[in-house]
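# Observations on chain architecture
Below, each chain spelled out in residue letters.
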Amino acid sequence: NGKKQEFQIRVSEFDESGPITKERILKDIPDMTIIDPQTVQIGGVPALAFLSKDESLGATREVWFVQGAYLYQITAYAEMDDLLGEMLKTWAFN
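Residues numbered from 1 in each chain as written. Predicted model: local features only at pLDDT ≥ 70, side-chain atom pairs only at ≥ 80, totals over all residues. Heavy atoms only, no water.

Each helix and strand in the protein chain was counted, giving 2 helices and 5 strands. Relative to a compact globule of 94 residues, whose C-alpha radius of gyration would be 12 Å, the protein chain shows 13 Å and is just as compact. Overall size of the protein chain, expressed as C-alpha extent along the three principal axes, is 40 × 30 × 20 Å. Across the protein chain, the fraction of contacts at a sequence separation of at least 24, relative to all contacts at a separation of at least 6, is 40%. Accessible surface computed for the protein chain: about 6,100 Å², of which carbon and sulfur atoms make up 47%. The average position of the 9 basic charges and that of the 15 acidic charges among the side chains of the protein chain differ by 3 Å. (Helix = DSSP H or I, 4+ residues; strand = E, 2+ residues; numbered from the N terminus. Rg over C-alpha atoms; globule rule 2.2 N^0.38 Å. Contact = heavy atoms within 4.5 Å. Areas by Shrake-Rupley, 256 points an atom, 1.4 Å probe, with all protein chains shown as cover. Lys, Arg positive; Asp, Glu negative; His and termini not counted. Charge placed at Lys NZ, Arg CZ, Asp CG, Glu CD.)

Take a look at the structure:
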């Protein structure tokens with residue numbers, strides 16, 4: 001159908017408590033583009049959802065959050081926004 005329907009989930013150890021903020025992201029990645037940041041819930045965990053730009057991917061939807069001792073960074077094509085949102089509604093943490 002020609003639509004870009006791929007996403008990436010990066011999970012890394014993180015020794016700070018959440019929630020993650022725009023300011024915290026920019027501390028480590030000062031040149032990152034963060035457009036329209038919004039706080040959302042992923043499995044009851046506060047997350048920061050925002051639009052961004054990537055040189056190779058173009059416009060992206062980002063969802064970042066801290067759960068336990070891990071930082072989750074989800075990156076998808078911006079056009080997948082609705083699909084990504086529906087998928088993330090199914091997440092739960094024990």
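Turning to the sheet that holds strand E5 (residues 70-77), a few remarks are in order. In space, the 5 strands of this open sheet follow the order E1-E5-E4-E3-E2, with antiparallel pairing throughout. The sheet is open, and its two borders are formed by strand E1 (7-13) and strand E2 (35-42), each paired with just one other strand. Between one strand axis and the next, the sheet turns through 25° on average, direction left out of account. By the bridge criterion, 8 bridges tie strand E3 (residues 45-54) to strand E4 (residues 58-67) in an arrangement that is antiparallel. The residue of E4 that forms the bridge with Lys53 is Ala59. (Pairing = 2+ DSSP bridges. Axes fitted to C-alpha atoms, helices over the stretch in contact; angles between N-to-C directions.)

Regular strands place side chains that alternate from one sheet face to the opposite one. Across 6 bridges, E2 lies against E3 in antiparallel orientation. Residue pairing across strands places Thr39 opposite Leu48, the latter belonging to E3. With antiparallel pairing between neighbouring strands as the criterion, E2 and E3 make up a hairpin whose turn holds 2 residues, including Gly43 at a positive phi of roughly 55°. Counted along the chain from E3 to the antiparallel partner E4, the turn is 3 residues long.

The residue after Gly18, namely Pro19, is reached through a cis peptide bond having omega 0°. One non-glycine residue, Asp36, lies in the positive phi region at around 55°. Among the structural elements, Asp36 can be located in strand E2.

Before going further, it helps to spend a moment on the environment of Ala49. In this structure, Ala49 sits in strand E3. Separated by 11 residues in sequence, Ala49 and Gln38 have C-alpha atoms that sit 5.3 Å apart. Residues contacting Ala49, with those up to four places away along its chain left out, are Asp36, Pro37, Gln38, Val40, Arg61, Glu62 and Val63.

This part covers the side chain of Gln73. With respect to the helices, strands and loops of the structure, Gln73 is situated in strand E5. Using a relative accessible area of 13% as the deciding quantity, one classes Gln73 as buried. Beyond its immediate sequence surroundings of up to four residues, Gln73 is in contact with Gln8, Ile9, Arg10, Ser12, Val63 and Trp64. (Buried < 20%, exposed > 50% of the residue type's maximum accessible area, 1.4 Å probe, protein only.)

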